[in-house]
Amino acid sequence: MTQQDAISRARTAIAAMQAHPAATRRPTPSAKAARAALRPLDVLTRAARRREGLAGRDLVNIAVRDALADAFHFGRTLAVSSDDLEDLHAARIAGRAFPARTTDDVALLACYVGNLRHLAASYELDEIQLLRSAEEVYKHEIA
């Protein structure tokens, strides 16, 4: 897997997320928008569950971790770190506007990350652990 593949997956997912009416909703991110984003990647379908032989919660854990790692790759091209995305997520859930310098691509990426986190939380997965795990995957892939 190359960085270009990860960026392409993140772009595909974000484009699919944009079609969902709650994609950038504030202050609560949307698990449904995250599902819509992941649909074209074929990672949360029944076929994926059969192919991987995993229960729904386990499949979501892996899909969200991998999608977050892809998002970090895309963020790198936008000069946005995982800490920057965390700050933007915090602003979103607090109902605050993103800083004026935030580009549309960065805002969409931040909403995507927030929606993925919300999807994970809806399955009672540990968001912080998922973020750490995604960062480890990302760092391993860029090494």
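So, how was this worked out
Residue numbers run consecutively from 1 along every chain, following the written order of its sequence. Given that the model is predicted, a residue must reach a pLDDT of at least 70 before its local features are reported, and side-chain atom pairs must reach 80 or more before they are shown or counted; all residues, however, enter totals for whole chains, interfaces and linings. By convention in this description, side-chain values take in all heavy atoms of the structure and omit both hydrogens and water. Comment: elements are numbered from the N terminus, with helices defined as DSSP H or I runs of at least four residues and strands as E runs of at least two. Throughout, exposure labels follow a simple rule: accessible area from a 1.4 Å probe, protein chains only, divided by the maximum for the residue type, with under 20% read as buried, over 50% as exposed, and the rest as partly exposed. Counting of polar contacts relies on pairs of N or O atoms within 3.5 Å, with two restrictions inside protein: one atom must be capable of donating a hydrogen and the other of accepting it, and residues adjacent in sequence are counted only when both atoms are side-chain atoms. Two residues qualify as a contact provided that any one of their heavy atoms is within 4.5 Å of a heavy atom in the partner residue. Helix axes are fitted only over the stretch in contact, all axes being lines through C-alpha atoms; the angle between N-to-C directions runs from 0 to 180 degrees. Oblique is the label for every angle not falling under 35 degrees (roughly parallel), over 145 degrees (roughly antiparallel), or within 65 to 115 degrees (roughly perpendicular). Basically, the charged four are Asp, Glu, Lys and Arg, the nonpolar ten are Ala, Val, Leu, Ile, Met, Phe, Trp, Tyr, Cys and Pro, and anything else, Gly included, counts as polar. To define a nonpolar core, start from buried Ala, Val, Leu, Ile, Met, Phe, Trp, Tyr and Cys residues and group those joined through side-chain atoms within 4.5 Å. Crossing handedness is defined as follows: a turn of the near helix away from the far one that is anticlockwise and smaller than a right angle gives a left-handed crossing, while the clockwise case is right-handed. Note on ring pairs: Phe, Tyr and Trp rings are taken, using the six-membered ring of Trp, and paired if centres are within 6.5 Å. Classes follow the plane angle, with under 30 degrees stacked, over 60 edge-to-face and the rest tilted. Distance and angle both matter: a charge sits over a ring if NZ of Lys or CZ of Arg is within 6 Å of the ring centre and within 35 degrees of the ring normal.

**Student:** Explain the side chain of S30 to me, please; I cannot follow it from the model alone.
**Tutor:** Tracing the backbone shows S30 in the loop between α1 (3-18) and α2 (31-38). On the accessibility criterion, S30 (2% relative accessible area) is buried. At 3.3 Å, the side chain of S30 and the backbone nitrogen of K32 are in polar contact. Leaving out residues up to four positions away in the same chain, S30 has contacts with H20, A22, R25, R92, N115 and H118.

**Student:** Would you mind going over the packing of α1 against helix α6 (residues 104-122) with me for this structure?
**Tutor:** When two helices pack together, their arrangement is given by the angle between the helix axes and the distance between those axes. The interhelical angle for the contact between α1 and α6, taken along N-to-C directions, is 85 degrees, at an axis separation of 10 Å. By the angle between their directions, the pair α1 and α6 is classed as roughly perpendicular. Here A13, I14, M17 and Q18 of α1 lie close against α6, whose contacting residues are L108, L109, C111, Y112 and N115. The class makeup of the residues in the contact of α1 with α6 is 7 nonpolar, 2 polar and no charged.

**Student:** Is there a simple way to explain the nonpolar core in this structure?
**Tutor:** Soluble globular proteins tend to pack their nonpolar side chains together in the buried interior. With 45 residues, the main nonpolar core has M17, L38, V64, L109, Y112, L116 and L119 as its most contacted residues. Contributions of two or more residues to this core are made by α1, α2, α4 (56-77), α5 (82-93), α6 and α7 (127-142). If one sorts the elements of this core by residue count, α6 sits on top with 11 residues. Leave out the neighbours within four places in its chain, and L109 touches I14, A71, F74, G75, L78 and L85.

**Student:** Teacher, can you tell me more about the packing of α4 against α7 here?
**Tutor:** In the contact formed by α4 and α7, the axes pass within 8 Å of each other and the chain directions differ by 55 degrees. It follows that α4 is oblique to α7 by the angle criterion. By crossing handedness, the relation of α4 to α7 is classed as right-handed. Of α7, the residues touching α4 (which contributes N61, V64, R65, L68, A69, F72, H73 and R76) are L130, L131, S133, A134, E135, V137, Y138, E141 and I142. Here the residues of the contact of α4 with α7 sort into 10 nonpolar, 3 polar and 4 charged.

**Student:** In this structure, what is going on with unusual backbone geometry? I would like to understand it.
**Tutor:** In terms of backbone geometry, most residues other than glycine have negative phi values and most peptide bonds are trans. P27 follows R26 through a cis peptide bond whose omega is -5 degrees. Structurally, the position occupied by P27 is in the loop between α1 and α2. With a phi close to 55 degrees, D42 is a non-glycine residue in the positive phi region. As for its placement among the helices and strands, D42 is situated in the loop between α2 and α3 (46-52). Given a relative accessible area of 31%, D42 falls into the partly exposed group.

**Student:** Explain the packing of aromatic side chains to me, please; I cannot follow it from the model alone.
**Tutor:** Aromatic rings considered in pairs are described by the distance between their centres and by the relative angle of their planes. Here the structure, examined in full by the defined rule, presents 1 aromatic pair. Here the aromatic rings of F72 and Y138 are separated by 6.1 Å at their centres, their planes lie at 70 degrees, and the arrangement is edge-to-face. Linking F72 in helix α4 with Y138 in helix α7, this pair joins segments that are 66 residues apart in sequence. Take F72 and Y138: they sit in the same class, and that class is buried. The ring of F98 has R26 lying over it, and the distance from NZ or CZ to the ring centre is 4.1 Å.

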